[in-house]
Amino acid sequence: MTIDVEGFGSPTRTDPIRAGLRRSLNDLVAAAIRAVPDVEALVAEGDTGDGKWLLFRSDLRKTALLQSFTPALETGIRHHNRSASVAATLRLRVGVHHGEVTVEDNGYSGEQLNHAFRIIDNAVIKNVLVGTQSDVVVAISDDFFQKVVKPGYGSLEPENYSPVLVEEKETSTVVWVDSAHQEKLRGAVVASGLRRSGAIPSQPEVITLHDLPPSTLYTAITDVHNAALYRRRFPDAPVEQHVETALLLADKVVLHCADAYRSRKVSDLLHEYEACIAAGDLMFLLGENTQNPRTHFRGYIDHKIQQYGKSDLGHRDAASLVNVDSDAAARTEELLALSPYALIRGFSGADCFISVVKQDFHPAEPIIIGEHFSASLVNQLNLTIRQLLDLTYQTRDGALSRVVADSATVGGLQAEVNRLASHNSCSRQILMEAIRKATGLTEKDPLQEAFEERVSILHLSGTTGGLAHTEVTNRRDRPSPYYYARLLEHLSVLSEVPHPPRFGPQLVMELRSLPIWRFFAAYHIRLVNHLRHQIENEPWAGEWETGFTWTRRMPEFETVRAAVRRHWDTGGHQ
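Residues numbered from 1 in each chain as written. Predicted model: local features only at pLDDT ≥ 70, side-chain atom pairs only at ≥ 80, totals over all residues. Heavy atoms only, no water.

Asker: Would you mind going over the overall build of the protein with me for this structure?
Answerer: A count of helical and extended segments in the protein gives 24 helices and 18 strands. Expressed along its principal axes, the backbone C-alpha trace of the protein runs to roughly 85 × 65 × 50 Å. Of all 574 residues assigned to the protein, the portion counted as buried reaches 53%. Pairs at least 24 apart in sequence give 71% of the contacts found in the protein among residues at least 6 apart. Here the protein displays about 25800 Å² of accessible surface, and carbon together with sulfur accounts for 50% of that area. (Helix = DSSP H or I, 4+ residues; strand = E, 2+ residues; numbered from the N terminus. Buried < 20%, exposed > 50% of the residue type's maximum accessible area, 1.4 Å probe, protein only. Contact = heavy atoms within 4.5 Å. Areas by Shrake-Rupley, 256 points an atom, 1.4 Å probe, with all protein chains shown as cover.)

Asker: What is the right way to look at helix α18 (residues 446-463) in this model?
Answerer: Since the α-helix packs 3.6 residues into each turn, any two residues three or four apart lie on the same face. Between the first and last C-alpha of α18 there are 26 Å, a value that for 18 residues agrees with the 26 Å anticipated at 1.5 Å per step. Across the 18 residues that make up α18, a large majority, 16, are buried. Capping the start of α18 is the job of one residue whose side-chain oxygen sits 2.9 Å from the backbone nitrogen of Leu447: Asp445. (Expected span 1.5 Å × (residues − 1). Polar contact = N/O pair within 3.5 Å; in protein donor to acceptor, adjacent residues only side chain to side chain.)

Asker: Honestly, unusual backbone geometry in this entry has me stumped. Any pointers?
Answerer: Leaving glycine aside, a negative phi is the common case for residues, and trans is the common case for peptide bonds. With phi around 60°, Glu496 is a residue other than glycine that occupies positive phi space. Assignment of secondary structure puts Glu496 in the loop between α20 (484-495) and α21 (505-513).

Asker: When you look at the environment of Leu248 in this model, what are you seeing that I'm missing?
Answerer: Mapped onto the elements, Leu248 comes out in helix α7 (residues 239-249). Take Leu248: its relative accessible area is 0%, and that puts it in the buried class. For the pair formed by Leu248 and Ala563, sequence separation is 315 residues and the distance between their alpha carbons is 14 Å. What Leu248 contacts, discounting residues up to four positions off in sequence, is Leu487, Phe503, Val508, Leu511, Arg512, Trp517, Arg518 and Ala521.

Asker: For this particular structure, what's the right way to read the pattern of salt bridges?
Answerer: As a working rule, side chains carrying opposite charge can pair if their charged atoms are close by. What the rule picks out here adds up to 43 salt bridges. Close ionic contact of Asp143 with Lys147 constitutes a salt bridge, the shortest N to O distance being 3.2 Å. With a gap of 4 residues between them, Asp143 and Lys147 both fall in helix α5 (residues 142-149), about one helical turn apart. Residue Asp143 is classed as partly exposed on the basis of its relative accessible area of 31%. With its nearest N and O atoms 2.7 Å apart, the salt bridge here joins Asp360 to Arg454. Here the residue Asp360 occupies a position in helix α14 (residues 349-360), and Arg454 occupies one in helix α18, the gap between them amounting to 94 residues. Note on accessibility: Asp360 and Arg454 belong to one class, buried. (Salt bridge = Lys/Arg side-chain N within 4 Å of Asp/Glu carboxyl O.)

Asker: Would you mind going over the sheet that holds strand β17 (residues 400-402) with me for this structure?
Answerer: Adjacent strands of a sheet form backbone hydrogen bonds with each other and so pair up, either parallel or antiparallel. The 3 strands are arranged β15-β16-β17 in an open sheet whose pairing can be described as mixed. Of all the strands in the sheet, just β15 (368-369) and β17 have a single pairing partner and so form its edges. (Pairing = 2+ DSSP bridges.)

Asker: Is there a simple way to explain the side chain of Glu333 in this structure?
Answerer: Looking at where Glu333 falls in the secondary structure, it is placed in helix α13 (residues 328-336). Using a relative accessible area of 16% as the deciding quantity, one classes Glu333 as buried. For Glu333, the residues in contact, after removing those within four places along its chain, are Phe297 and Arg298.

Asker: I'm lost on the packing of aromatic side chains in this one. Help?
Answerer: Two aromatic rings are characterised by how far apart their centres lie and by the angle between their planes. Counting across every chain of the model gives 14 aromatic pairs. A ring pair is formed by Tyr230 and Phe234, whose centres lie 5.5 Å apart and whose planes are at 90°; its orientation type is edge-to-face. For Phe234, a relative accessible area of 26% puts it in the partly exposed group. Pairwise contacts between aromatic rings join Trp517, Phe519, Phe520, Tyr523 and Phe557 into one cluster. (Phe/Tyr/Trp six-rings, centres within 6.5 Å; stacked < 30°, edge-to-face > 60°.)

Asker: Any chance you could explain the nonpolar core here in plain terms?
Answerer: Among soluble globular proteins, nonpolar side chains are generally buried collectively. One finds Leu73, Leu92, Ile140, Leu491 and Leu511 to be the most contacted residues of the largest nonpolar core, which totals 139 residues. The dominant element in this core, judged by the number of residues it contributes, is helix α22 (residues 517-537), at 8 residues. Other than its neighbours up to four places away in sequence, Leu491 contacts Phe503, Leu511, Trp517, Phe520, Val560, Val564 and Trp568. Counting 16 residues, the second largest nonpolar core, distinct from the first, contains Ile207, Leu285, Leu343 and Leu467. (Core = buried A, V, L, I, M, F, W, Y, C linked by side-chain atoms within 4.5 Å.)

Asker: I'm lost on the side chain of Asp142 in this one. Help?
Answerer: Tracing the sequence through the fold places Asp142 in helix α5. Of the side chains bearing the opposite charge, Lys150 lies closest to the buried Asp142, which forms no salt bridge; the N-O distance is 8.7 Å. Those residues in contact with Asp142, other than ones at most four positions away along the chain, are Val174, Trp176, Gly346 and Phe347. (Lys, Arg positive; Asp, Glu negative; His and termini not counted.)

Asker: How should I be thinking about the environment of Glu545 in this particular structure?
Answerer: In this structure, Glu545 sits in helix α23 (residues 544-549). The exposure class of Glu545 is partly exposed, given its relative accessible area of 45%. C-alpha separation for the pair Glu545 and Arg486, spaced 59 residues apart in sequence, amounts to 9.5 Å.

Asker: When you look at α21 in this model, what are you seeing that I'm missing?
Answerer: For α21, every residue scored as buried is listed here: Pro505, Leu507, Val508 and Leu511. For α21, the angular spread of the buried residues around the axis is 165°, confining them to a single face. (Arc of directions from axis to C-beta.)

Asker: Honestly, the pairing of strand β7 (residues 136-141) in this entry has me stumped. Any pointers?
Answerer: Put simply, side chains in a regular strand alternate between the two faces of the sheet. Among the 6 residues that make up β7, 6 are buried, leaving the element largely enclosed by the rest of the structure. Side chains Val136, Val138 and Ile140 of β7 all project onto a buried face; the interleaved residues Val137, Ala139 and Ser141 project onto the opposite face, where all are buried too.

Asker: Hey, could you run me through the packing of helix α11 (residues 297-309) against helix α12 (residues 315-322) in this one?
Answerer: A pair of packed helices can be characterised by two numbers: the angle between their axes and the separation between those axes. With their axes 8 Å apart at the nearest point, α11 and α12 run at an angle of 150° to one another. Taken together, the axes of α11 and α12 are roughly antiparallel relative to one another. Here the hand of the crossing between α11 and α12 comes out left-handed. Along its contact with α11, which presents Ile301, Lys304, Ile305 and Tyr308, the element α12 presents Asp317, Ala318, Leu321 and Val322. Per-class residue counts for the contact of α11 with α12 are 6 nonpolar, no polar and 2 charged. (Axes fitted to C-alpha atoms, helices over the stretch in contact; angles between N-to-C directions. Parallel < 35°, antiparallel > 145°, perpendicular 65-115°, else oblique. Left-handed = near helix turned anticlockwise from the far one by under 90°. Nonpolar A, V, L, I, M, F, W, Y, C, P; charged D, E, K, R; others polar.)

Structure follows, in structure tokens:
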């Protein structure tokens, strides 16, 4: 824990007053430590001149710092200030962090200790204290919040805290503060939810993936690599249809900030939905080092190019960022500037991706096939990376042979993944290059596609915070409740007119404006899930059109029907 006294060096305070403040602070901290139920919780403490630092036992119940220590400190400060003069009043910024420190002959050092000071010694947290009536503001590091507060240990309530973006010296990080202070930060970079003032602010409001509602959808194939994967077994990647379906079925839609940079097709599509961006309904997930999406985007791209260039397997990633249109950065910055939000993960996407990849390498139930993989029903299953690597072929006489890799190759590939993880250079494409290099798979091999699909799903799982997403292949798309073709067909059956290839921005915006539309969207998702179960498990259940026909009997959807007919029954589809 780090503690800093507000205005300690103020000219209104004399040296005797400052000395008295330090004595009072020491007494109040000592009393707060005694309130911690764990015996001998404190390992070491130090004086910083205008504050203190405290190191606690590593086996201490960390919840005690927020449930026992800080309440006792706040109570002590409140009682002290009731009888103190203005110059002798104590107001504190308290930082809470955890991590490893180095023990030296003359004290302690380390990056984690430095981080604990930086989360309170910055303009953002200082302004929080200035703007609140509380005498103590507690700043919790993002790592401490994610591992201790968010799981809800003890009586901690994660929803009582709001994230703010801190940029100080070498640090750019999220810090969590009590939500009671949040209203004092209007105009600052606060991430406490999806509120808008009506106009795009000069500084976007920082929010994390955890702030988004559960009905948010992440669009996967706006990414050029996922689009290429979708095209392997489909004429083209339905980028427009996926984005429009997401806008119609979800409350919020997210895509990566580099998608418009890499693809003019995506950029042109997003310009058709500028109103949704400005309204905060269509958002961009920002990458690391993008402190301000409107001014630091190019720096982020340069950083990724350099990062990928350091890896001997990173040429595909680097090429996707280098081989772009000359106006790629400018057009992307233009779109980012429309958004009132700066959406960040709130966690390390790279670390989470590595974590799920390593889990996918764990031994799993082996799969034995008796025919070519592309002809086998097994290729319809969602196999793990390890199951794909261990795939075994059985001949008619019972002989077994590994299809992809022997056990030594699998072990070597696991070691390579660990090496890439230690160098923080394991993207989707780098992982796929490692798999191709180890197994000898070629681009045309059906198993290559299976690996690529699995890696993309793992990447989405690890880097989007568990958001629901549109699919990366047509095989996975068809059974999805967010499959664009089902919504097109449903609206076509309802309106009794043929549907065009895509919805079009005019229809999308009109449907979104209808009061009944949110109900229709929920009804559609529920109906699709029900019909899919019937069609898959009951051979005589009928077809999709049969189930959709019932919607015509619902008079509350007449405005939807009328809107669709106006746009589609004109002889010239959009």
